[in-house]
Amino acid sequence: MPLEGSPQLEARLEKLFKAIDRDGSGCVERSDYERVVDRYNTLFEVDPESPEGQELLGAHMMLYSEVVRHAQGHDRVSKQEYVSALLQMLVETNCDNLLMAMPNAVFDVIDRNDDDMIDEQEFRRFLQVWQIDSPATMEVFTRLDTDRDGQISRHEYVSSWRDFFSDSTTAPGTLYCRCA
Ligand SMILES: [Ca+2]
Ligand SMILES: [Ca+2]
């Protein structure tokens, strides 16, 4: 029986699907994930061969492989299959770790000046990867900065993705969708 998430969580997963299926083919494919990685590399000037670049690609490809595995091996994953796969992965502890490998790899790329913090400029560029440019951007930045030191720490960033994948309706990480 397919798992069900809260309507809010399912709506977020559907938005994530739409953000990744940028070519609008109605399916998420390997090439969609490769395009996401390319956008990070371009906007953050990451050498794809560098350890950071390899980690970024690895995290995306591992996630894509797991989605495919949960979608009974279809390598073109429909929206419904994608949402079901992620819901399934979220209840499996090892997959929770996998989902969290992504924000860690992405954090390393966003943090261009290697001070282990995301500042406003780095955050704006991160949202450009997702072609998000909205007046709500800085509101999201402020909410993610839970200790209010003016920057987003690794812990705050990874926590925001835990929020995103939770049933919460109000936690800071649920705001990504609001500015999308
Ligand atoms: Ca930084
Ligand atoms: Ca902070």
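Thresholds, definitions, all that
- Residues numbered from 1 in each chain as written.
- Chains lettered and ligands numbered in written order.
- Predicted model: local features only at pLDDT ≥ 70, side-chain atom pairs only at ≥ 80, totals over all residues.
- UniProt positions renumbered as here; feature names shortened; annotations may be inferred.
- Helix = DSSP H or I, 4+ residues; strand = E, 2+ residues; numbered from the N terminus.
- Core = buried A, V, L, I, M, F, W, Y, C linked by C-beta atoms within 7 Å.
- Buried ≥ 20, exposed ≤ 12 C-beta atoms within 10 Å, placed from the backbone.
- Contact = placed C-beta atoms within 7 Å.
- Axes fitted to C-alpha atoms, helices over the stretch in contact; angles between N-to-C directions.
- Parallel < 35°, antiparallel > 145°, perpendicular 65-115°, else oblique.
- Left-handed = near helix turned anticlockwise from the far one by under 90°.
- Nonpolar A, V, L, I, M, F, W, Y, C, P; charged D, E, K, R; others polar.
- Expected span 1.5 Å × (residues − 1).
- Arc of directions from axis to C-beta.

An unreviewed UniProt entry annotates the chain as EF-hand domain-containing protein originating from Saccharothrix coeruleofusca.

Trainee: Explain the UniProt feature "domain: EF-hand" (unreviewed entry) in the chain to me, and be specific about the residues and the numbers.
Mentor: Under the UniProt annotation, "domain: EF-hand" (unreviewed entry) lies at residues 8–43, 98–133 and 138–167. Along residues 8–43 one finds 75% helix and 6% strand; the C-alpha atoms at either end are 30 Å apart.

Trainee: Explain the nonpolar core to me, and be specific about the residues and the numbers.
Mentor: Membership of the largest hydrophobic core comes to 25 residues, with the highest contact counts inside it found for Tyr40, Leu56, Val106, Val109, Ile110 and Ile152. Here this core gets 5 residues from one element, more than from any other, and that element is helix α5 (residues 93–110). With residues up to four places along the chain from it excluded, the contact list for Val109 reads Tyr40, Phe44, Val46, Glu52 and Leu56. Of all hydrophobic cores here, the second largest spans 14 residues; its members include Leu9, Leu13, Tyr82 and Met89.

Trainee: Go over the packing of helix α3 (residues 51–70) against α5, please, and point to the residues and values.
Mentor: One can describe the packing of α3 onto α5 by two numbers: an axis separation of 9 Å at closest approach and a directional angle of 150°. When the axes of α3 and α5 are compared, the pair comes out roughly antiparallel. Crossing handedness for the pair α3 and α5: left-handed. Contact with α3, carried on its side by Glu52, Glu55, Leu56, Ala59, Met62, Leu63 and Glu66, involves Cys95, Leu98, Ala101, Met102, Ala105, Val106, Asp108 and Val109 of α5 and no other residues of that element. Each residue belonging to the contact of α3 with α5 can be placed in one class, and the counts come to 11 nonpolar, no polar and 4 charged.

Trainee: Please provide a residue-by-residue account of helix α2 (residues 30–43), values included.
Mentor: Between the first and last C-alpha of α2 there are 20 Å, a value that for 14 residues agrees with the 20 Å anticipated at 1.5 Å per step. The complete set of buried residues in α2 reads Asp32, Val37 and Tyr40. Seen end-on, α2 carries its buried residues on one side only, within an arc spanning 140°. Of the residues in α2, the exposed ones pointing more than 90 degrees away from the buried face are Ser31 and Thr42.

Trainee: Account for unusual backbone geometry, with residues named and values stated.
Mentor: A positive phi angle, near 55°, is found at Gln72, a position not held by glycine. Inspection of the secondary structure assignment puts Gln72 in the loop between α3 and β2 (77–78). Phi at Asp114 takes a positive value of approximately 55°, unusual for a residue other than glycine. In this fold, Asp114 is placed in the loop between α5 and β3 (117–118). C-beta crowding within 10 Å serves as the criterion here: with 8 such atoms nearby, Asp114 is assigned to the exposed category.

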